[in-house]
Amino acid sequence: MDKHLVLVGGGHAHMVTLKHLHTFIEKGHQVTVIGPSKFHYYSGMGPGMLSKIYSPDDIRFATEHVVTKQGGNFVLDKVIKIDAAKKTVYLEKGAPIDYDVLSFNAGSYVPWDHVHGEHTDIFSVKPIESLLKAQERVLELLSQNKISIAIVGGGPSSLEIAGNLWRLAKDAGQHMPDIKIFAGSRLMSRFPEKIRDLAYKSLRNRGITIIEQDYSKEIQSGKVILESGAVHEADIIFLAVGVKPSTIFKESGLPTGPDGGLLVNKYLQCTEHPEIFGGGDCIYFQDKPLDKVGVYAVRENPVLYHNLMAALENGELHSFDPGGTYLLIFNLGDNKGILGKNSLIFDGRLAFMIKDYIDRKFMREFHEMEK
Ligand SMILES: Cc1cc2nc3c(=O)[nH]c(=O)nc-3n(C[C@H](O)[C@H](O)[C@H](O)COP(=O)(O)OP(=O)(O)OC[C@H]3O[C@@H](n4cnc5c(N)ncnc54)[C@H](O)[C@@H]3O)c2cc1C
């Protein structure tokens, strides 16, 4: 009894644990949540926030408020190192914190390796908060002139960011920007041909350019330089080059998978330290590598909550089953979407309506906790 549970990051995989935080406290445990923001932004609605389909309040969850309301302790800071032998986490600004049980939902980041020099008017698609700053800057520049926007990366976030930038500019009713996607080899290369065709059709119909078969070599403020040597000027650059798990595990000598994510077994438990758990983009699931999609973070929630309680109370751990294929819906920004699950693939308004319904329902459940 009276143990200390420390949660690092209030992301998607900790949502159920945060919802039931009071249950740990009722059993006499102390709970501390550490995060760099008082809010957690739901990434699935991030591109829609960029285009103003959603307001920041629609897509964010008041982590600090929910934690303190239930009797937990919220620390506005970032974990930079873990000493698993001492059971201590070290923070960027504050004093170290000791734990009995530790759980990571520290997410992933977009690497800035290719960016050289100043970072003026370069925005990464994560953290989602940075899309708000990008929105403000795009609107400011559009009110003055016609601008060009480069999106570096060829995955779903490029598709969604491009479509939603188009929407932002269209609704602003001023100059329409030139939007170019630098997609590396091929746009949406790991998706079925039919999804790719629908994505091309949607973007090209709106005058969005897709540049393929040429990777970006270097990014500077105002410039994207490709491996072929071609140089493209851009007033604003978005980095959507894929995500990597937080680097804190490798730097702390914890076991990691090939991508640097915390190596966890079927109980979402660190393979070497049974009192450490994790979920979401920051883990490497030993049994089967998982895509970095929110769907898995959401599916991990109940198991993570159960296992954290079991670890504190000497209960039995539950194993996580990643489940089968998942539904993907991309928000194209024009009130249309592309929906794909197995062989079912279609685009249009219905696809976006389904995504909007699912996303709003998900957020409503967590907004309820704030009351
Ligand atoms: C633009 C975009 C759109 C996407 N759309 C979808 C979608 O529609 N559907 C889908 O399934 N997936 C989508 N994804 C993927 C999805 O974002 C991730 O899989 C999901 O965010 C993973 O959730 P998470 O909780 O692990 O990480 P995150 O959402 O990144 O949350 C991590 C949390 O940890 C905190 N944190 C980070 N570092 C530290 C630290 N050192 N110390 C303490 N706290 C820390 C962060 O502030 C954050 O609150 C999208 C991704 C992007 C970039």
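Above: the structure in question.
Everything in this summary refers to the structure shown in the same document. Values in this document were obtained by computation on a predicted structure and should not be read as measured data.

Attention shifts here to the layout of surface pockets. In this model, the second largest pocket occupies a volume close to 250 Å³. Forming the boundary of the second largest pocket are Arg190, Phe191, Pro192, Ile195, Asp291, Thr325, Tyr326, Leu328, Gly340, Lys341, Asn342 and Ile345. Residues that form the lining of the second largest pocket fall into these classes: six nonpolar, three polar and three charged.

Residue position: Phe352 is located in helix 11 (residues 349-369). In this structure, the C-alpha to C-alpha distance between Phe352 and Met369, residues 17 residues apart in sequence, is 26 Å. Contact partners of Phe352, with chain neighbours within four places excluded, come to Ile53, Tyr54, Asn331, Asn335, Lys336 and Gly337.

For the rest of this paragraph, the subject is the sheet that holds strand 6 (residues 79-83). With antiparallel pairing, three strands are arranged side by side in an open sheet as 6-7-8. Every interior strand has two partners, whereas the edge strands, strand 6 and strand 8 (97-98), have only one.

The next thing to look at is the pairing of strand 15 (residues 216-220). Examined bridge by bridge, strand 15 and strand 16 (residues 223-226) share four bridges and lie antiparallel to one another. By the bridge assignment, Ile219 is partnered in strand 16 with Val224. Two successive antiparallel strands, strand 15 and strand 16, enclose a turn made up of two residues, where Gly222 displays a positive phi of approximately 85 degrees.

Within the secondary structure layout, Asp334 lies in the loop between strand 23 (328-331) and strand 24 (337-341). The residues contacting Asp334, other than those within four sequence positions of it, are Trp166, Arg167, Ser202 and Arg206.

Cut-offs applied
- Per-chain numbering applies: the sequence of each chain, read as written, is numbered from 1 onward.
- Note on the predicted model: pLDDT of at least 70 is required for a residue's local features to be given, and 80 or more for side-chain atom pairs to be given and counted; whole-chain, interface and lining totals, by contrast, use all residues.
- The side-chain numbers reported here are obtained from all heavy atoms of the structure, hydrogens and water having been left aside.
- Within this scheme a cavity is a closed region of a 1 Å grid, computed over the protein atoms alone, that accommodates a 1.4 Å probe without allowing it to escape, whereas a pocket is open but has protein on both sides within 12 Å along at least five of seven lines; lining residues each have an atom within 4 Å of a point.
- Grid points are joined across faces, edges and corners, and a volume is the space filled by probe spheres set on the points.
- All amino acids are sorted into three groups, where Ala, Val, Leu, Ile, Met, Phe, Trp, Tyr, Cys and Pro are nonpolar, Asp, Glu, Lys and Arg are charged, and the leftover types, Gly among them, are polar.
- Every helix listed is a DSSP run of H or I at least four residues long, and every strand listed is a run of E at least two residues long, numbered separately from the N terminus.
- The contact criterion used is simple: two residues touch if any of their non-hydrogen atoms lie within 4.5 Å.
- At least two bridges found by DSSP between two strands are what make those strands a pair.

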